[in-house]
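Letter by letter, the chains look like this.
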Amino acid sequence: MGWPRCAYSTALHLLAPLLWRRLRREHGLTDPRPLRLGRIPETPPDTHMLWLHCASVGEVQAARPLIEALLERYPGHSLTVTTMTATGAERVCALAEGRQDGRLVHHFVPLDFPHAAARFVERLRPEIALFFETELWPNLLHACRTRSVPVAVLNGRLSPRALRGYRRLRPLLREALGCVDWLAAKSDEDAARFAELGMAAERTSVVGSLKFDIAPEEGVQKVSERLRTLLGRRQVWVAGSTHEGEEALLLAAHGRLRESYPEALLVLVPRHPQRFEAVASLCEQAGQAPARRSRGERPEDGTAVYLADTMGELLALYGAADLAFVGGSLVPVGGHNLLEPAALGIPVLTGPELANFADVAEALRGAGALVEVADEKRLAEALIALFADTAERRRLGEAGRGVVMANRGALERTLKGLDRLLLAK
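Described below are features of the structure shown in this document. The shown structure was predicted, so the numbers you read here are calculated from the model rather than taken from an experiment.

Conventions and cut-offs
- Residues numbered from 1 in each chain as written.
- Predicted model: local features only at pLDDT ≥ 70, side-chain atom pairs only at ≥ 80, totals over all residues.
- Heavy atoms only, no water.
- Helix = DSSP H or I, 4+ residues; strand = E, 2+ residues; numbered from the N terminus.
- Expected span 1.5 Å × (residues − 1).
- Buried < 20%, exposed > 50% of the residue type's maximum accessible area, 1.4 Å probe, protein only.
- Arc of directions from axis to C-beta.
- Contact = heavy atoms within 4.5 Å.
- Phe/Tyr/Trp six-rings, centres within 6.5 Å; stacked < 30°, edge-to-face > 60°.
- Polar contact = N/O pair within 3.5 Å; in protein donor to acceptor, adjacent residues only side chain to side chain.
- Pairing = 2+ DSSP bridges.
- Core = buried A, V, L, I, M, F, W, Y, C linked by side-chain atoms within 4.5 Å.
- Axes fitted to C-alpha atoms, helices over the stretch in contact; angles between N-to-C directions.

### Digging into helix H18 (residues 390–406)
The terminal C-alpha atoms of H18 lie 24 Å apart, and with 17 residues this matches the ideal 24 Å at 1.5 Å per residue to within 8%. Considered for burial, the residues of H18 that qualify are Arg 393, Leu 396, Gly 397, Ala 399, Gly 400, Val 403 and Val 404. Seen along its axis, H18 keeps its buried residues to an arc of 165 degrees; they face one direction. Turned more than 90 degrees from where H18 packs its buried face, Glu 398, Met 405 and Ala 406 sit exposed. Along its buried surface, H18 packs onto strand S12 (323–326), helix H15 (339–343), helix H16 (358–366), strand S14 (370–372) and helix H17 (376–387).

Take a look at the structure:
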């Protein structure tokens, strides 16, 4: 074991008590240790297995077209999708429940201890390992290389902020990237950042962003229509994937909006389910007591906020709105997927923090399909102006959908690259 990975593994073991404490909160009453030490059932010898790792629910949602395409393109294979979080696991399991063939399964990714990583790869026996976006786990990558499992990083992205952090770990990242057979980067800028960390140019392709290949699940439109009937004939905007510190700003903007439109409704969708109760209390403190979707409460005429404290419904909620604000952008998180509402033809608003989606924001901005605001005051002003201008809302929605349609194709380019890796195995 090289010294960078040895030092990394030692540090990981020293941090183990903190990691286990966090995972116990994640898993509730379930003991997380067997799940996180690679103790999974062995893949039967006659099973052809593909493996895709996504960090959390957002990555699973973004990878859904890829998941469906892999199962269709390789009908003789099963697909294991691993996640780090329980919410990501729930999303994968929901996708698996919609299938009848049992070819899509979920496991939690092991903690990146050397023996846990080796055990997991040995028991799973994948024919290929696919890591989505920026999931670079040195010991897992090494375990794949040791067992001659081809590795691809798909939709590879590396923000300037992430690069600054990774520079301090360059020897470790160079060793890890040496185990990657193919990087499918989403932009030239991302490819250049990976190259700075040691990714070889001859094993790198720029294929575009898989996020543009988003396609609403079957039935989403009907759910959106039912939701819109429930919400009534009023001004409705959705704030999706919001974070701590952001909801207070959104509630302030909503208060200003209701001075001009007293019936306006904010559908608030926090990113993390463990914050649902805290966000409900925050709404009450702001004098905007919410109707809670998880309890089956209906937003009555006087209701200011509808708290979507459920999982897996964000696309349907966006589709029921007049306007969509994408969270993680008024606080320094880096933003979330601007293309989800755009693909549905819903006008998109965002704050200034867009490091994680800079290329997507640039494409939408170039088409005049993105409304950017600096703070809650500017957000309120933008909401008031857009609710007064039906034609501008229609133009924004059509422009956003046009951007999504014009940039499709990364999925097919990715699949062709995976064909070459599997054929070379």
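Right, picking up where we left off after that structure.
### Quick notes on the environment of Leu 317
Structurally, the position occupied by Leu 317 is in helix H14 (residues 314–319). For Leu 317, a relative accessible area of 4% translates into the label buried. As for Leu 317 and Gly 240, which are separated by 77 residues in sequence, their C-alpha atoms are 8.7 Å apart. Not counting residues up to four positions away in its chain, the partners in contact with Leu 317 are Leu 227, Val 238, Val 267, Val 269 and Ala 308.

### Let's talk about the packing of aromatic side chains
The description of an aromatic ring pair uses the distance of the two centres, along with the angle that the planes make with each other. Across all of its chains, the model carries three aromatic pairs by this definition. Where Trp 51 meets Phe 120, the ring centres are 5.2 Å apart and the plane angle is 55 degrees; that geometry is what we call tilted. Here Trp 51 is found in strand S1 (residues 48–53), whereas its partner Phe 120 is found in helix H6 (residues 114–124), with 69 residues between them in sequence. A single burial state applies to Trp 51 and to Phe 120, both of which are buried. Through pairs of rings, three or more aromatic residues link up here, namely Trp 51, Phe 120 and Phe 131.

### Some remarks on the side chain of His 243
Tracing the backbone shows His 243 in the loop between strand S8 (236–242) and helix H12 (247–260). Judged by its relative accessible area of 12%, His 243 falls in the buried class. A distance of 2.7 Å separates the side chain of His 243 from the side chain of His 336, its partner in a polar contact. Ignoring any residue separated from it by four or fewer positions in sequence, one finds His 243 in contact with Arg 271, His 272, Arg 275, Gly 328, Val 331, Val 333 and His 336.

### Examining the pairing of S12
Burial of the side chains of S12 extends over both faces: Leu 323 and Phe 325 are buried on one face and Ala 324 and Val 326 on the other. As defined by bridge partners, S8 adjoins S12 across four bridges and the pair is classed as parallel. Bridge pairing in S12 places Gly 240 opposite Val 326. Pairing of S12 with strand S13 (residues 348–350) involves three bridges; the strand directions are parallel. The residue of S13 that forms the bridge with Ala 324 is Val 348.

### Let's talk about the nonpolar core
Counting 40 residues, the largest nonpolar core has Val 267, Leu 338 and Leu 364 as its most contacted members. In this structure Val 267 touches Leu 231, Val 236, Trp 237, Val 238, Ala 239, Tyr 306, Ala 308 and Leu 317, once residues within four positions along its chain are discounted. Leu 70, Ile 128, Leu 130 and Leu 210 belong to the second-largest nonpolar core, a separate cluster that totals 32 residues.

### Some details on the sheet that holds strand S10 (residues 291–292)
Picture the strands of a sheet paired through backbone hydrogen bonds; they go either parallel or antiparallel. The sheet built from seven strands is open, its strands ordered S10-S11-S9-S8-S12-S13-S14 with parallel pairing. Of all the strands in the sheet, the pair left with one neighbour each is S10 and S14. Two strands pair when backbone bridges link them, and S13 and S14 are joined in this way by three bridges, in the parallel orientation. For Val 348, the partnering residue across the bridge sits in S14 and is Leu 370. Lying on the sheet, H12 is in contact with S8, strand S9 (265–270), strand S11 (305–307) and S12; it crosses S9 at an angle near 175 degrees.

### Focus: unusual backbone geometry
Backbone phi values are negative for most residues with the exception of glycine, while trans is the configuration of most peptide bonds. Even without being a glycine, Asn 155 presents a positive backbone phi close to 55 degrees. The class for Asn 155 is buried, based on a relative accessible area of 0%. If you check the backbone angles, Ser 241 has positive phi at about 55 degrees while not being a glycine. Inspection of the secondary structure assignment puts Ser 241 in strand S8.

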